[in-house]
Amino acid sequence: AQSVAQPEDQVNVAEGNPLTVKCTYSVSGNPYLFWYVQYPNRGLQFLLKYITGDNLVKGSYGFEAEFNKSQTSFHLKKPSALVSDSALYFCAVRANSGYSTLTFGKGTMLLVSP
Amino acid sequence: DAGITQSPRHKVTETGTPVTLRCHQTENHRYMYWYRQDPGHGLRLIHYSYGVKDTDKGEVSDGYSVSRSKTEDFLLTLESATSSQTSVYFCAISEGRDNQPQHFGDGTRLSIL
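Predicted, not measured: the structure shown is a model, and the values here were computed from it. (Residues numbered from 1 in each chain as written. Chains lettered and ligands numbered in written order. Predicted model: local features only at pLDDT ≥ 70, side-chain atom pairs only at ≥ 80, totals over all residues. Heavy atoms only, no water.)

## Remarks on the overall build of chain B
Step number 1: Along chain B, the regular secondary structure elements total zero helices and 11 strands.
Step number 2: Over its C-alpha atoms chain B spans a radius of gyration of 13 Å, differing by no more than 12% from the 13 Å that the globule rule assigns to 113 residues.
Step number 3: For the C-alpha atoms alone, the extent of chain B along its principal axes is close to 35 × 30 × 25 Å.
Step number 4: Within chain B, the fraction of its 113 residues that count as buried is 50%.
Step number 5: Between the averaged position of the 12 positive side-chain charges in chain B and that of its 14 negative side-chain charges there is a distance of 3 Å. (Helix = DSSP H or I, 4+ residues; strand = E, 2+ residues; numbered from the N terminus. Rg over C-alpha atoms; globule rule 2.2 N^0.38 Å. Buried < 20%, exposed > 50% of the residue type's maximum accessible area, 1.4 Å probe, protein only. Lys, Arg positive; Asp, Glu negative; His and termini not counted. Charge placed at Lys NZ, Arg CZ, Asp CG, Glu CD.)

Written out as C-alpha coordinates, the structure reads:
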(Lines give C-alpha, C1' and ligand atoms only; values in the text may rest on other atoms or scores of the structure.)
Protein backbone atom coordinates (compact mmCIF):
# COMPACT_ATOMS: atom_id res chain seq x y z
CA ALA A 1 0.00 0.00 0.00
CA GLN A 2 1.20 3.49 -0.75
CA SER A 3 1.27 6.27 1.83
CA VAL A 4 2.30 9.85 2.43
CA ALA A 5 3.52 11.40 5.66
CA GLN A 6 3.52 15.11 6.36
CA PRO A 7 5.17 15.17 9.77
CA GLU A 8 4.26 18.73 10.70
CA ASP A 9 0.67 19.76 11.27
CA GLN A 10 1.72 23.39 11.15
CA VAL A 11 4.73 25.36 9.96
CA ASN A 12 5.30 28.94 11.08
CA VAL A 13 7.62 31.28 9.21
CA ALA A 14 8.18 35.02 9.04
CA GLU A 15 7.55 36.86 5.79
CA GLY A 16 10.69 37.06 3.69
CA ASN A 17 12.24 33.95 5.23
CA PRO A 18 12.63 30.68 3.36
CA LEU A 19 10.03 28.00 3.98
CA THR A 20 10.05 24.22 3.82
CA VAL A 21 7.05 21.92 4.10
CA LYS A 22 8.09 18.31 4.51
CA CYS A 23 6.74 15.22 2.78
CA THR A 24 7.90 11.61 2.77
CA TYR A 25 6.27 8.81 0.86
CA SER A 26 6.08 5.06 0.49
CA VAL A 27 5.18 3.42 -2.82
CA SER A 28 5.97 0.27 -4.75
CA GLY A 29 8.26 1.15 -7.59
CA ASN A 30 8.81 4.70 -8.78
CA PRO A 31 6.52 7.54 -7.75
CA TYR A 32 4.58 10.33 -9.28
CA LEU A 33 4.53 13.11 -6.66
CA PHE A 34 2.33 16.19 -6.40
CA TRP A 35 1.89 19.25 -4.20
CA TYR A 36 -1.43 21.03 -3.83
CA VAL A 37 -2.49 24.13 -1.89
CA GLN A 38 -5.89 24.81 -0.36
CA TYR A 39 -7.18 28.23 0.65
CA PRO A 40 -10.16 28.57 3.02
CA ASN A 41 -13.47 27.38 1.57
CA ARG A 42 -11.85 26.44 -1.73
CA GLY A 43 -10.80 23.27 -3.48
CA LEU A 44 -7.22 22.11 -3.83
CA GLN A 45 -5.07 23.86 -6.41
CA PHE A 46 -2.22 22.07 -8.19
CA LEU A 47 1.23 23.54 -7.49
CA LEU A 48 3.76 21.19 -9.04
CA LYS A 49 4.59 17.59 -9.83
CA TYR A 50 7.54 15.25 -10.14
CA ILE A 51 7.34 12.67 -12.88
CA THR A 52 10.92 11.86 -13.81
CA GLY A 53 14.18 13.60 -14.60
CA ASP A 54 15.50 16.64 -12.74
CA ASN A 55 15.13 16.24 -8.98
CA LEU A 56 14.33 19.93 -8.52
CA VAL A 57 10.88 20.78 -9.78
CA LYS A 58 9.63 24.34 -10.17
CA GLY A 59 5.96 25.18 -9.91
CA SER A 60 3.45 27.95 -9.47
CA TYR A 61 3.81 31.07 -7.27
CA GLY A 62 7.58 30.62 -6.84
CA PHE A 63 7.34 27.23 -5.16
CA GLU A 64 9.72 24.39 -5.88
CA ALA A 65 10.18 20.88 -4.56
CA GLU A 66 13.16 18.57 -4.32
CA PHE A 67 12.76 14.87 -5.00
CA ASN A 68 15.15 12.68 -3.01
CA LYS A 69 14.82 9.02 -3.91
CA SER A 70 17.15 7.67 -1.23
CA GLN A 71 15.25 9.50 1.51
CA THR A 72 11.86 8.98 -0.18
CA SER A 73 11.13 12.66 0.31
CA PHE A 74 9.60 15.44 -1.71
CA HIS A 75 9.86 18.61 0.36
CA LEU A 76 8.18 21.82 -0.79
CA LYS A 77 10.28 24.97 -0.64
CA LYS A 78 10.15 28.68 -1.35
CA PRO A 79 13.08 31.07 -0.98
CA SER A 80 11.06 33.98 0.41
CA ALA A 81 7.65 33.47 2.04
CA LEU A 82 4.71 35.81 1.59
CA VAL A 83 1.81 36.34 3.98
CA SER A 84 -0.44 35.29 1.11
CA ASP A 85 1.27 31.86 1.09
CA SER A 86 -0.58 31.06 4.32
CA ALA A 87 -2.74 28.05 3.46
CA LEU A 88 -3.08 24.29 3.82
CA TYR A 89 -0.62 22.25 1.76
CA PHE A 90 -1.05 18.66 0.66
CA CYS A 91 1.49 16.22 -0.71
CA ALA A 92 0.22 13.29 -2.82
CA VAL A 93 1.74 10.19 -4.40
CA ARG A 94 0.90 7.37 -6.72
CA ALA A 95 2.99 4.62 -8.26
CA ASN A 96 4.00 5.21 -11.87
CA SER A 97 2.80 1.77 -12.90
CA GLY A 98 -0.23 -0.34 -12.26
CA TYR A 99 -3.67 0.88 -11.34
CA SER A 100 -3.14 2.74 -8.08
CA THR A 101 -4.95 5.97 -7.37
CA LEU A 102 -3.62 9.13 -5.78
CA THR A 103 -2.95 9.06 -2.03
CA PHE A 104 -2.86 12.33 -0.11
CA GLY A 105 -1.09 13.27 3.08
CA LYS A 106 -3.02 14.78 5.96
CA GLY A 107 -1.92 18.29 5.14
CA THR A 108 0.33 20.93 6.69
CA MET A 109 -0.93 24.37 7.63
CA LEU A 110 1.55 27.06 6.67
CA LEU A 111 1.29 30.32 8.59
CA VAL A 112 3.40 33.24 7.40
CA SER A 113 3.58 36.13 9.83
CA PRO A 114 4.14 39.74 8.71
CA ASP B 1 -9.61 27.56 -13.09
CA ALA B 2 -10.89 24.28 -14.47
CA GLY B 3 -14.61 24.30 -15.20
CA ILE B 4 -15.91 22.26 -12.29
CA THR B 5 -19.17 23.02 -10.53
CA GLN B 6 -20.35 21.23 -7.44
CA SER B 7 -23.92 21.45 -6.22
CA PRO B 8 -25.21 22.10 -3.71
CA ARG B 9 -22.41 23.99 -1.96
CA HIS B 10 -23.97 23.48 1.44
CA LYS B 11 -26.54 21.01 2.69
CA VAL B 12 -27.99 20.09 6.06
CA THR B 13 -30.07 16.97 6.30
CA GLU B 14 -31.20 14.34 8.77
CA THR B 15 -29.93 10.87 9.47
CA GLY B 16 -31.53 8.24 7.27
CA THR B 17 -32.40 10.51 4.35
CA PRO B 18 -30.95 10.03 0.88
CA VAL B 19 -28.57 12.69 -0.42
CA THR B 20 -27.19 13.25 -3.89
CA LEU B 21 -24.28 15.53 -4.69
CA ARG B 22 -23.56 16.61 -8.23
CA CYS B 23 -20.32 17.38 -10.01
CA HIS B 24 -20.43 19.00 -13.44
CA GLN B 25 -17.39 19.62 -15.63
CA THR B 26 -16.95 21.55 -18.86
CA GLU B 27 -13.43 20.26 -19.64
CA ASN B 28 -14.40 16.95 -21.28
CA HIS B 29 -11.94 15.12 -19.01
CA ARG B 30 -12.17 11.35 -18.87
CA TYR B 31 -11.51 10.86 -15.16
CA MET B 32 -13.68 12.13 -12.33
CA TYR B 33 -13.26 11.57 -8.60
CA TRP B 34 -15.13 12.04 -5.34
CA TYR B 35 -13.17 12.70 -2.14
CA ARG B 36 -14.11 13.53 1.39
CA GLN B 37 -12.02 15.83 3.57
CA ASP B 38 -12.02 15.43 7.32
CA PRO B 39 -9.71 16.97 9.94
CA GLY B 40 -6.76 14.71 10.63
CA HIS B 41 -7.43 12.54 7.58
CA GLY B 42 -6.60 14.75 4.63
CA LEU B 43 -8.45 13.73 1.49
CA ARG B 44 -9.73 10.20 1.06
CA LEU B 45 -11.01 8.79 -2.21
CA ILE B 46 -14.61 7.56 -2.19
CA HIS B 47 -15.20 6.52 -5.82
CA TYR B 48 -13.86 7.45 -9.19
CA SER B 49 -14.90 7.14 -12.82
CA TYR B 50 -12.79 6.44 -15.89
CA GLY B 51 -15.56 6.93 -18.43
CA VAL B 52 -19.31 6.96 -18.92
CA LYS B 53 -20.80 4.15 -16.82
CA ASP B 54 -17.29 3.06 -15.74
CA THR B 55 -16.67 3.51 -12.03
CA ASP B 56 -14.57 1.96 -9.30
CA LYS B 57 -14.34 2.06 -5.52
CA GLY B 58 -11.87 4.07 -3.53
CA GLU B 59 -10.58 3.83 0.02
CA VAL B 60 -13.82 4.80 1.80
CA SER B 61 -16.65 3.66 -0.48
CA ASP B 62 -18.96 2.01 2.08
CA GLY B 63 -22.29 3.81 2.27
CA TYR B 64 -21.76 5.65 -1.01
CA SER B 65 -22.73 4.97 -4.61
CA VAL B 66 -21.95 6.87 -7.80
CA SER B 67 -23.23 7.20 -11.32
CA ARG B 68 -21.92 8.70 -14.51
CA SER B 69 -24.38 8.70 -17.39
CA LYS B 70 -22.70 11.58 -19.23
CA THR B 71 -19.08 12.63 -19.55
CA GLU B 72 -19.75 15.92 -17.82
CA ASP B 73 -21.70 14.72 -14.78
CA PHE B 74 -20.66 12.54 -11.83
CA LEU B 75 -23.16 11.99 -9.05
CA LEU B 76 -22.43 10.86 -5.51
CA THR B 77 -25.32 9.35 -3.53
CA LEU B 78 -25.60 8.60 0.14
CA GLU B 79 -28.47 6.12 0.19
CA SER B 80 -29.20 6.58 3.89
CA ALA B 81 -27.09 9.31 5.40
CA THR B 82 -25.38 8.82 8.76
CA SER B 83 -23.72 11.36 11.04
CA SER B 84 -20.32 9.84 10.21
CA GLN B 85 -20.79 11.07 6.66
CA THR B 86 -20.77 14.69 7.79
CA SER B 87 -17.83 16.06 5.85
CA VAL B 88 -16.68 18.31 3.05
CA TYR B 89 -16.93 16.55 -0.29
CA PHE B 90 -14.73 17.42 -3.23
CA CYS B 91 -15.04 16.48 -6.85
CA ALA B 92 -11.92 16.36 -9.02
CA ILE B 93 -11.21 15.76 -12.70
CA SER B 94 -8.17 14.79 -14.72
CA GLU B 95 -7.38 14.18 -18.38
CA GLY B 96 -5.54 10.97 -17.62
CA ARG B 97 -4.75 9.05 -14.49
CA ASP B 98 -1.03 8.47 -14.55
CA ASN B 99 0.90 11.70 -14.22
CA GLN B 100 -1.86 14.19 -14.92
CA PRO B 101 -2.75 16.53 -12.06
CA GLN B 102 -6.26 16.51 -10.72
CA HIS B 103 -8.27 19.73 -10.67
CA PHE B 104 -10.75 20.27 -7.88
CA GLY B 105 -14.13 21.86 -7.43
CA ASP B 106 -14.81 24.12 -4.45
CA GLY B 107 -16.53 21.45 -2.40
CA THR B 108 -19.88 20.66 -0.80
CA ARG B 109 -20.19 21.04 2.95
CA LEU B 110 -22.61 18.35 4.12
CA SER B 111 -23.96 18.20 7.66
CA ILE B 112 -26.03 15.24 8.79
CA LEU B 113 -27.91 15.76 12.03
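Having seen the model, we can carry on.
## Regarding the overall build of chain A
Step number 1: A count of helical and extended segments in chain A gives zero helices and 12 strands.
Step number 2: When its helices and strands are written in sequence order, chain A yields β-β-β-β-β-β-β-β-β-β-β-β.
Step number 3: A globule of 114 residues ought to have a C-alpha radius of gyration of about 13 Å, and chain A, at 14 Å, matches this closely.
Step number 4: Expressed along its principal axes, the backbone C-alpha trace of chain A runs to roughly 45 × 30 × 20 Å.
Step number 5: For chain A, with 114 residues in total, the buried portion stands at 46%.
Step number 6: In chain A, of all internal contacts separated by at least 6 residues, the share reaching a separation of at least 24 is 57%.
Step number 7: Roughly 5400 Å² of accessible area belongs to chain A as shown, and the carbon and sulfur atoms make up 50% of that amount. (Contact = heavy atoms within 4.5 Å. Areas by Shrake-Rupley, 256 points an atom, 1.4 Å probe, with all protein chains shown as cover.)

## Thoughts on the state of the cysteines
Step number 1: Tallied over the entire structure, the rule returns two disulfides over all chains.
Step number 2: Note on cysteine connectivity: Cys 23 of chain A is disulfide-linked to Cys 91 of chain A, with sulfurs 2.0 Å apart. Taking the torsion about the sulfur-sulfur bond, which here is approximately -60°, the covalent link between Cys 23 of chain A and Cys 91 of chain A counts as left-handed. You can see Cys 23 of chain A sitting in the loop between strand E3 (19-21) and strand E4 (24-26) and its partner Cys 91 of chain A sitting in strand E10 (residues 87-95), a full 68 residues away along the chain.
Step number 3: Here Cys 23 of chain B pairs with Cys 91 of chain B through a disulfide, and the sulfurs are 1.9 Å apart. In this structure the cystine formed by Cys 23 of chain B and Cys 91 of chain B twists about its S-S bond by roughly -70°; its chirality is therefore left-handed. Here Cys 23 of chain B, found in strand E3 (residues 19-25), pairs with Cys 91 of chain B, found in strand E9 (residues 87-94); they are 68 residues apart in sequence, far enough to count as distant.
Step number 4: With a relative accessible area of 0%, Cys 23 of chain B lands in the buried category. (Disulfide = S-S within 2.5 Å.)

## Quick notes on the nonpolar core
The nonpolar side chains of a soluble globular protein tend to be buried, and buried together.
All names here are of chain A.
Step number 1: In this structure, Trp 35, Leu 47, Leu 48, Phe 74, Leu 76 and Tyr 89 are the most contacted members of the largest nonpolar core, which totals 28 residues.
Step number 2: When contributions to this core are tallied by element, the ones reaching two or more residues are strand E2 (10-14), E3, strand E5 (31-38), strand E6 (44-50), strand E8 (64-68), strand E9 (73-78), E10 and strand E12 (108-113).
Step number 3: Ranked by the residues each element gives to this core, the list is headed by E10, at five residues. (Core = buried A, V, L, I, M, F, W, Y, C linked by side-chain atoms within 4.5 Å.)

## Digging into the interface of chain A and chain B
Step number 1: Counting from both sides, the interface comprises 22 residues of chain A and, opposite them, 21 residues of chain B.
Step number 2: Carbon and sulfur atoms make up 52% of the surface buried where chain A meets chain B, a total of about 1800 Å² over both sides.
Step number 3: Area buried by chain A at its contact with chain B is led by Leu 44, Thr 101 and Phe 104 of chain A, which between them contribute 25% of it.
Step number 4: At the boundary of chain A with chain B, the tally comes to one salt bridge.
Step number 5: Measuring nitrogen to oxygen at the nearest pair gives 3.0 Å for the salt bridge that ties Arg 42 of chain A to Asp 106 of chain B.
Step number 6: Applying the counting criterion to the chain A and chain B interface returns five residue pairs in polar contact (both at pLDDT 80 or more).
Step number 7: Those elements giving two or more residues to the side of chain A that touches chain B turn out to be E5, E6 and E10 of chain A.
Step number 8: Per-element tally for the side of chain A that touches chain B: the top contributor is E5 of chain A, with four residues.
Step number 9: When the residues that make up the side of chain A that touches chain B are grouped by side-chain class, the tally is 11 nonpolar, seven polar and four charged. (Buried area = accessible area lost by both parts, 1.4 Å probe. Salt bridge = Lys/Arg side-chain N within 4 Å of Asp/Glu carboxyl O. Polar contact = N/O pair within 3.5 Å; in protein donor to acceptor, adjacent residues only side chain to side chain. Nonpolar A, V, L, I, M, F, W, Y, C, P; charged D, E, K, R; others polar.)

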